[in-house]
Amino acid sequence: METVHSIDVYQARLNTLMWSLTGGALGLTLLIATSTCLAIGRVLHPVEAIRSQFADLSAHHLDRRVPVPRAGNEIARLATTMNDTLDRLETSVDQQRQFVADASHELRTPLTALRAELELALNRPENAHWPQVVTDALGDTLRLQHLTTDLLLLARLDATNTTPPHSRVLDLAELIRDELTRRPTPSHLTLLPHIATDPVLVYGSYSLLARVLGNLLDNAERHANSTITVRLSNGPDRGEAVLDVQDDGPGIPVEDHQRVFERFTRLDDARARDAGGSGLGLAIAHRITSAHHGALTITPSTRGAHFTLRLPADGTLL
């Protein structure tokens, strides 16, 4: 009987120990789970703050930024990257809004003039000089056509970061000679071409590069007093083609050397006497050059404006 009693006692102690271990294990598991939930919540709290702030963003509130945690961990780096992206997005949207506003203004001006001319003629048709009315209306219509064409070209260039369509290896020297031959020079100006005799090979779109040359010459013709110089050569290491277009006009102030390549830019000095430009010519030339992985800059000059175009030779950088 004592043996059976002893076994019962040991069994009871064993059961008590097992229940204690089980309870301890459950308590420890609960403690670990609670601690883990609290730790995860503490870690994910910045993520929730970022998500909440990002969800409130809209096109009208792009000035907001997501909070950056103080700890320099992966979440902080993610928040910094998101804020950098938002900075670029806000800048892009602001530029787009400004472009739309400027384009609307530029389109409204010739439309207003065209409407006024036609309304004036229709109000007193017996006094209207109809050939002149039609001539003036045609001039405004052509200006609208050129402006819309330029806007569409800029939109297409902005919509892609790939190589321009119909690109090929071409001789830039031959392109410039052909364009200068076809282009009439105003009677009061003298064109001085200095074109390399050797081929100057680049990779690009013939029509777009011809547009760059045409826009630079248009700008030079509007502001030159008597002479325009066009010079094309291979770079010192023949790794790039260098085109210079220089006029002998009033020149461009140093502080405006970058601004002239912005859209709808007009200077407030003597070069602003232009009556036919839309303020898009240099912006288009600059954008086309960038699409060809080149650079269009203003070279300091003692007289007149000196534009320098640099393109990779043989398309080695494309």
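Here the structure is shown first, and the text comes after it.
Description of the structure in this document. (Residues numbered from 1 in each chain as written. Predicted model: local features only at pLDDT ≥ 70, side-chain atom pairs only at ≥ 80, totals over all residues. Heavy atoms only, no water.)

## Observations regarding the packing of helix H2 (residues 74-123) against helix H3 (residues 130-158)
Where H2 contacts H3, the two axes come as close as 10 Å, and the packing angle between them is 165°. Classified by the angle their axes make, H2 and H3 are roughly antiparallel. Crossing of H2 over H3 shows left-handed handedness. Taken together, the residues of the contact of H2 with H3 break down into 17 nonpolar, 3 polar and 5 charged. (Axes fitted to C-alpha atoms, helices over the stretch in contact; angles between N-to-C directions. Helix = DSSP H or I, 4+ residues; strand = E, 2+ residues; numbered from the N terminus. Parallel < 35°, antiparallel > 145°, perpendicular 65-115°, else oblique. Left-handed = near helix turned anticlockwise from the far one by under 90°. Nonpolar A, V, L, I, M, F, W, Y, C, P; charged D, E, K, R; others polar.)

## Considering unusual backbone geometry
Its identity as a non-glycine residue notwithstanding, His166 has a phi of 60°, on the positive side. Its location among the elements puts His166 in the loop between H3 and strand E1 (167-171).

## Quick word on the sheet that holds strand E7 (residues 306-312)
Pairing in this open sheet of 5 strands is mixed, and the strands run E2-E4-E5-E7-E6 from one edge to the other. The open sheet has two edge strands, strand E2 (190-195) and strand E6 (295-298), and neither has a second partner. Going across the sheet, the axis of each strand differs from the next one's by a mean of 10°, ignoring polarity. Where strand E4 (residues 227-234) lies against strand E5 (residues 240-247), 7 bridges are found, and the strand directions are antiparallel. Pairing of Thr229 across the sheet is with Gln246, part of E5. The strands that helix H5 (residues 206-223) touches are E4, E5, E6 and E7; relative to E5, the one it contacts most, it runs at about 20°. (Pairing = 2+ DSSP bridges. Contact = heavy atoms within 4.5 Å.)

## Concerning the pattern of salt bridges
Enumeration over the complete set of coordinates arrives at 7 salt bridges. Asp150 is the partner of Arg211 in a salt bridge, and the nearest nitrogen-oxygen pair spans 2.2 Å. Of this pair, Arg211 sits in helix H5 while Asp150 sits in helix H3, placing them 61 residues apart in sequence. On the basis of relative accessible area, Arg211 is assigned to the partly exposed category, the value being 25%. One continuous salt-bridge network, built from bridges that share partners, spans Arg183, Asp218 and Glu221. (Salt bridge = Lys/Arg side-chain N within 4 Å of Asp/Glu carboxyl O. Buried < 20%, exposed > 50% of the residue type's maximum accessible area, 1.4 Å probe, protein only.)

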